[in-house]
Amino acid sequence: MAETTPVNTSMPNWKLEYCIFCVEFYFKHGSFTTVNELFHAKFEAASSPCKSVIQSWVSHFRAYGTVLNLNTKDSKRPTHSGRPRKRTAEVIDDVREAVGNSPKRSIQKRSQSLGITPTTLWRVLKQDLSFSPYRIQTGQKLSNVDKVKRVAMAEKLVAKVESCDSFLGLLFTSDEAHFDLDGRVNSKNNVFWGTQKPSEIVQKPLHSERCTVCAAIGARGIIGPIFIEENGRNVTVTKERYVKMLNEFWKEVESLYPSLLPKLWFQQDGAPAHTSLIAREWLKNHFGTRIISRLTPFEWAPHSPDLSPPDFYLWGYLKDKVYANKPQSIRELKISIKNEMGKIPKSVCMDVMKNFVKRLRKCMEVNGGHLEHML
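What you are looking at is a predicted structure, and each value in this text was computed from that prediction instead of being measured.

Novice: Please give an account of the overall build of the protein chain that cites residues and values.
Specialist: Within the protein chain, the regular secondary structure consists of 13 helices and eight strands. Per-residue burial over the protein chain gives 39% buried out of 375 residues. Within the protein chain, counting contacts between residues at least 6 apart in sequence, those at least 24 apart form 66% of the total. Accessible surface for the protein chain amounts to roughly 23,200 Å². Of this, 51% is attributable to carbon and sulfur atoms.

And the structure:
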């Protein structure tokens, strides 16, 4: 037999001849020491297989009657194993049909109903059928009226983008988000291995410390972060505090783009603080009619976070980065938010706004339906 035939060992340099010799003389003498001495006398090799390797050859021979590696595929052995194949064509067809009938069923329940192990089922799904698990996303239910408003808004904004080349570069889209200090406690990571149940618990406050952040993103970059707080403490966003935040936003815009102030557009959602009388008066005095919000000519549709750049990009990206730094105090949390927001390049902001237009067009295609599962 050719020397390249696979041998049952994790050390591929041993020749088949060496393996056969060691197994044969072990059964003759029953001594690993004697086998080693005879091996050196026979082959004059610089090294000989250790006791554990010879033991594995002997055990394999006793179990299968051969020293060949039965897990190797060749022309005489089309399967990868000496054991009966579990992932047969019939099993694969059964799995395909079962998934087609109930795609949301769990691996555990499906394996029980099919009479195969979860491991085999997982391999059939991933390797034989090339299926992948997808998490079903949840979103606020959209009424028919909501969908009509989303389409109308999308049509109006897309028409504005197409008729005015500079519009996208003059638009800032705004929003607020809460950052909890313990925002990334994962209960699945709180595992204790031992022989007895531990008395330790992970303590978590009933109301976590948090900070509320306002920011606006546009093709030119990001304005913010602006923290909604009084005397260093986080507070609820009221109409008065929102106007105070708008003043801070305006100061930053004024310092960065003074020549563009008469042309800039501002978008916000329809939160009560945003659409209060004093907030609308402030926006009218500073932006005139260049406002995208509720109760304006360019009305922002309700229940549309999937169309808002801060929602579909900024906050998710920031939270991944901020919590990776594991801030231990509100001060550290705020510093991390500022640092990570400052690292976002203008090129990314431009891409986000292009994606905003893409989402508007997609919203029109799906008649105002949800987008997150499509993009």
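Novice: Any chance you could break down the confidence of the model for the protein chain for me, citing the residues and the numbers?
Specialist: On average, residues of the protein chain score 84 in pLDDT, and 83% of them reach the 70 mark or higher. At the low end of the mean pLDDT range in the protein chain sits helix 2 (residues 32-43), at 85; at the high end sits strand 6 (residues 265-267), at 96. Low pLDDT, under 50, characterises residues 1-12; the predicted model gives this stretch 28 contacts beyond four residues in sequence or across chains. Between residues 185-195, whose pLDDT stays under 50, and residues either more than four places distant or in other chains, the model counts three contacts.

Novice: Residue-level account of the pairing of strand 2 (residues 210-218), with values.
Specialist: Most of strand 2 is tucked away: eight of the nine residues are buried. Two elements, strand 1 (residues 171-180) and strand 2, share nine bridges in a ladder whose sense is antiparallel. In the sheet register, Asp-175 faces strand 2, and the bridge partner there is Ala-215. In this sheet, strand 3 (residues 221-227) lies alongside strand 2 in antiparallel orientation, the contact comprising five bridges. Residue Ala-216 lies in a different strand from strand 3, and its bridge partner there is Ile-223. Counted between consecutive antiparallel strands, the loop separating strand 2 from strand 3 contains two residues.

Novice: Run through unusual backbone geometry, naming residues and quoting values.
Specialist: In this structure, the amide linkage connecting Gly-224 to the following residue, Pro-225, adopts the cis form with an omega of 10°. In this structure, Pro-225 sits in strand 3. Residue Leu-295 is not a glycine yet carries a positive backbone phi of 65°. Mapping Leu-295 onto the fold places it in the loop between strand 7 (291-293) and strand 8 (298-299).

Novice: Give a description of the environment of Ile-223 that names residues and reports values.
Specialist: Relative to the helices and strands, Ile-223 resides in strand 3. Sequence separation between Ile-223 and Gly-342 is 119 residues, and the spatial gap between their C-alpha atoms is 9.6 Å. When neighbours within four sequence positions are excluded, Ile-223 is seen to be in contact with Phe-172, Ala-215, Ala-216, Phe-249, Glu-252, Val-253, Leu-256 and Tyr-257.

Novice: Account for the environment of Lys-239, with residues named and values stated.
Specialist: Tracing the sequence through the fold places Lys-239 in helix 9 (residues 239-256). Placed 37 residues apart in sequence, Lys-239 and Ser-276 show a C-alpha to C-alpha distance of 6.3 Å. When residues no more than four places from it in sequence are discounted, the contact partners of Lys-239 are Ala-273, Ser-276 and Ile-278.

Novice: Please give an account of the nonpolar core that cites residues and values.
Specialist: Counting residues in hydrophobic clusters, the biggest one holds 44 residues, and the most contacted among them are Leu-157, Phe-179, Trp-315, Leu-333, Ile-337 and Phe-356. When contributions to this core are tallied by element, the ones reaching two or more residues are helix 7 (144-163), helix 8 (167-170), strand 1, strand 2, strand 3, helix 11 (309-324), helix 12 (330-342) and helix 13 (346-365). With residues up to four places along the chain from it excluded, the contact list for Phe-356 reads Leu-157, Leu-168, Leu-171, Trp-300, Leu-307, Pro-309 and Phe-312. Within the second largest apolar cluster, 26 residues are counted, among which are Val-235, Trp-250, Ala-273 and Trp-282.

Novice: Got a sec to walk through helix 13? Specific residues and values, please.
Specialist: Its 20 residues place the ends of helix 13 29 Å apart at the C-alpha level, agreeing with the 28 Å of an ideal helix rising 1.5 Å per residue. For helix 13, the complete set of buried residues consists of Cys-349, Val-352, Met-353, Phe-356, Val-357, Arg-359, Leu-360 and Cys-363. Viewed end-on, helix 13 has its buried residues packed into an arc of 155°, placing them on one side of the element. Facing away from the buried side of helix 13 by more than 90 degrees, the exposed set consists of Lys-354 and Glu-365. Buried residues belonging to helix 13 abut helix 7, helix 8, strand 1, strand 2, strand 3 and helix 11. At the exit of helix 13 stands Asn-367, carrying a positive phi of roughly 55°.

Thresholds, definitions, all that
- Residues numbered from 1 in each chain as written.
- Predicted model: local features only at pLDDT ≥ 70, side-chain atom pairs only at ≥ 80, totals over all residues.
- Heavy atoms only, no water.
- Helix = DSSP H or I, 4+ residues; strand = E, 2+ residues; numbered from the N terminus.
- Buried < 20%, exposed > 50% of the residue type's maximum accessible area, 1.4 Å probe, protein only.
- Contact = heavy atoms within 4.5 Å.
- Areas by Shrake-Rupley, 256 points an atom, 1.4 Å probe, with all protein chains shown as cover.
- pLDDT = per-residue confidence, 0-100.
- Pairing = 2+ DSSP bridges.
- Core = buried A, V, L, I, M, F, W, Y, C linked by side-chain atoms within 4.5 Å.
- Expected span 1.5 Å × (residues − 1).
- Arc of directions from axis to C-beta.

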